[in-house]
Amino acid sequence: MHSKNKKIRFIGGIGKYGSGVIVEEFLEVLKKNYETEFHNTQSMRIKGTFSFFNSLIKERKINFFQPSVSMPAFLRDCLINILLILFRQQRYYILLTRLDFRNSFFKSKIFRYCFFGNSQIFSTAKHEQIKKNFHLIRQFSPLEKIFISENNHKSEVFLFLGYLERFKGFNEFVEVAKSNKKKNFIAIGENYKNNLTLPRNIQLKETNGPENFKEELIKVRKQHNPYLLYTSLSDLSPLILLECGILKIPIICFEGGVSHQILKNYLPKDCFVAISNLKDYEISEDLIQSKKENLYKFSLDSNKHNFQNHLKKLLIQIL
C-alpha cells in the first residue's frame, strides 16, 4: 500500500487516553504509507491555526479530520470544517464520540448533511444517525492476555469502572447500590468531585492514572467474583469493556437504557447480558459463562496489530 505520491493532511488530537490513542495509531498508519502532515487540534492556538490555513492555501490534499463534538472545541472544529469545504478539499471524517455528546446540533439531519456532506466516515462503533459511507474500525485493548484462576466461592460484587462522574453513569450506579443494600458494589476510577453520599455497600477505590487503575482492577478480579454493571450515558467505544473481556469479567446493563444502546452499537450481542433490574435478576451460570467467553475472544481479537491491518485494508479500498 506504500504510496508516498498521495498527500494526506490529518487534523485531530492525540493523547494518552481513549480517542487520543486511536487518533495516534490512525496517524501512524498514514505516516508509514503516505506523505502525511499533522495538525494537532489539542494545541491549535494562533500559530497552529495560521499553519493550517497556510497549508490549505498552498496545496490541495486528502484530509482526514477528527472533529470534536462537545463544546467549546466543537465551535473551533466547525470553523476548520467550513475552511475545508470552502477550499474544496477532499474530506474523510473520524468520529470517536457519540454525536449527541453535549451537542444537540447533530440531531438535525440537515446539519449532519451540511457538516459531513457525502464524505466517508470512520468510527469505532455504530452510529444510529449514520448509515451511508460508514467504515467500522475496532478499538483496541492495551491489556494483554492475563491468567487469573477461577474460584466460584469468591464473593459477588458489581463494579463501576472509569471516571466517577454523572455523564459516565456514576450517579445511577450509586442509586442502584442504594436500592440493593444486600449486594456489594465497588467503584474504581478517578475524578470523584461530586457531593454524592455513598451508601455503605459501595467500596470506593480512587485511582491516579491508567497503571494504577489497571492494578486495582486486577486486584479486585483476583479477590472477588465481579460483574461490570455498565451504566454510562455518553460513551461510544469504551476501552474498559475490552479490558473486562481480557480479565473475563462479565458485563451486564439495564434493558432499554442509554448504556444498553451503547453496548449494542459497540459489542456483538452475544458478549453482554441485559436485565430488567438488579433485585430480581437471575442469570444462569451457563449463559454468563458463554457471554464471558465470547467477550474474551472479541477482546483478544481487538488488538493493535489487527487494528492496523484492518485500517490498511480500508485505506487501500478508498484512497
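Residues numbered from 1 in each chain as written. Predicted model: local features only at pLDDT ≥ 70, side-chain atom pairs only at ≥ 80, totals over all residues. Heavy atoms only, no water.

Considering the overall build of the chain
- Counting its regular elements, the chain contains 10 helices and 12 strands.
- For 319 residues, the compact-globule estimate of 2.2 N^0.38 gives 20 Å, and the chain sits close to it at 21 Å.
- With the principal axes as the frame, the chain shows a C-alpha extent of 65 × 40 × 35 Å.
- Put simply, the chain has 319 residues, and 50% of those count as buried.
- A fraction of 71% describes how many contacts in the chain between residues 6 or more apart in sequence connect residues 24 or more apart. (Helix = DSSP H or I, 4+ residues; strand = E, 2+ residues; numbered from the N terminus. Rg over C-alpha atoms; globule rule 2.2 N^0.38 Å. Buried < 20%, exposed > 50% of the residue type's maximum accessible area, 1.4 Å probe, protein only. Contact = heavy atoms within 4.5 Å.)

Some points on the packing of aromatic side chains
- This structure, assessed with the given rule, holds 28 aromatic pairs.
- Ring centres of Phe106 and Phe111 lie 5.2 Å apart, and the angle between their planes is 75 degrees; on these two criteria the pair is classed as edge-to-face.
- In textbook terms, an aromatic cluster arises when at least three aromatic residues are bridged by ring pairs, as seen for Phe65, Phe74, Tyr93, Phe105, Phe106, Phe111, Phe115 and Phe116.
- The ring of Phe167 has Arg102 lying over it, and the distance from NZ or CZ to the ring centre is 4.6 Å.
- The ring of Tyr296 is capped by Lys248, whose NZ or CZ atom sits 4.5 Å from the centre of that ring. (Phe/Tyr/Trp six-rings, centres within 6.5 Å; stacked < 30°, edge-to-face > 60°. Lys NZ or Arg CZ within 6 Å of the ring centre and 35° of its normal.)

Describing the layout of surface pockets
- Computed from the structure, the second largest pocket encloses a volume of approximately 330 Å³.
- If you tally residues by element for the lining of the second largest pocket, the top one is helix H4 (residues 109-116), at 4 residues. (1 Å grid on protein atoms, 1.4 Å probe; cavity = no way out; pocket = protein on both sides within 12 Å on 5 of 7 lines; lining within 4 Å. Points joined across faces, edges and corners; volume = space filled by probe spheres on them.)

Describing the nonpolar core
- Of all hydrophobic cores here, the largest spans 32 residues; its most connected members are Leu159, Leu161, Leu217, Leu228, Leu241, Ile251 and Leu267.
- Elements with a minimum of two residues in this core: strand S7 (155-161), strand S8 (185-189), helix H6 (210-223), helix H7 (239-246), strand S11 (251-254), helix H8 (258-266) and helix H9 (285-301).
- Ranked by the residues each element gives to this core, the list is headed by H7, at 5 residues.
- Once residues lying within four places of it in the same chain are set aside, the contact partners of Ile251 are Leu228, Tyr230, Leu241, Cys244, Leu263, Leu267, Phe272, Val273 and Leu295.
- Of all hydrophobic cores here, the second largest spans 23 residues; its members include Phe26, Leu27, Ile137 and Phe140. (Core = buried A, V, L, I, M, F, W, Y, C linked by side-chain atoms within 4.5 Å.)

A look at the environment of Asn103
- Position of Asn103 among the secondary structure elements: in the loop between strand S4 (90-95) and H4.
- For the pair Asn103 and Leu247, spaced 144 residues apart in sequence, the C-alpha separation works out to 34 Å.
- What Asn103 contacts, discounting residues up to four positions off in sequence, is Val69 and Phe74.
- At a separation of 2.8 Å, a polar atom in the side chain of Asn103 contacts the main-chain amide nitrogen of Phe105. (Polar contact = N/O pair within 3.5 Å; in protein donor to acceptor, adjacent residues only side chain to side chain.)

Re H8
- Every buried residue of H8 is listed here: Ser259, His260, Ile262, Leu263, Asn265 and Tyr266.
- Buried positions along H8 lie against H7, S11, strand S12 (273-275) and H9.

Structural notes on the sheet that holds strand S5 (residues 120-123)
- Spatial ordering of the open sheet is given by S2-S1-S3-S4-S5-S6, a layout of 6 strands whose pairing is parallel. Looking along the sheet, the strands with just one partner apiece sit at the ends: strand S2 (35-40) and strand S6 (134-136). When the angles between neighbouring strand axes are averaged without regard to direction, this sheet yields 20 degrees.
- Across 4 bridges, the pairing between strand S3 (residues 62-65) and S4 is parallel. Residue pairing across strands places Ile62 opposite Gln90, the latter belonging to S4.
- Helix H3 (residues 73-86) contacts strand S1 (7-12), S3 and S4 of the sheet and is inclined by roughly 165 degrees relative to S3.
- Lying over the sheet, H4 contacts S4 and S5, oriented at roughly 125 degrees with respect to S4. (Pairing = 2+ DSSP bridges. Axes fitted to C-alpha atoms, helices over the stretch in contact; angles between N-to-C directions.)

Here we look at a nonpolar patch on the surface
- Taken together, the side chains of Met71, Leu75 and Phe105 define a hydrophobic patch exposed on the protein surface, amounting to about 290 Å² of accessible area.
- With respect to the secondary-structure elements, Leu75 resides in helix H3. (Patch = residues over 30% accessible without salt bridge, like charges linked within 9 Å, V, L, I, M, F, W, Y side chains within 5 Å. Areas by Shrake-Rupley, 256 points an atom, 1.4 Å probe, with all protein chains shown as cover. Salt bridge = Lys/Arg side-chain N within 4 Å of Asp/Glu carboxyl O.)

Looking at the side chain of Ser234
- As for its position among the elements, Ser234 is in the loop between strand S10 (224-229) and H7.
- The class for Ser234 is buried, based on a relative accessible area of 8%.

Here's the deal with empty space enclosed by the protein
- Under the counting rule described, the total for this entry stands at 1 cavity of 30 Å³ or more.
- In this model, the largest cavity occupies a volume close to 70 Å³.
- Lining the largest cavity are Arg98, Leu99, Asp100, Lys126, His127, Glu128, Gln129, Asp235, Leu236, Ile262 and Asn265.
- Residues of the lining of the largest cavity, tallied by class, amount to 3 nonpolar, 3 polar and 5 charged. (Nonpolar A, V, L, I, M, F, W, Y, C, P; charged D, E, K, R; others polar.)

Concerning the environment of Lys304
- Turning to its location among the elements, Lys304 is positioned in helix H10 (residues 304-318).
- With relative accessibility at 40%, the residue Lys304 sits in the partly exposed group.
- Separated by 233 residues in sequence, Lys304 and Met71 place their C-alpha atoms 30 Å apart.
- Setting aside anything within four residues of it in sequence, one finds Lys304 in contact with Glu25 and Phe140.

Read these as spatial facts, not as claims about activity.
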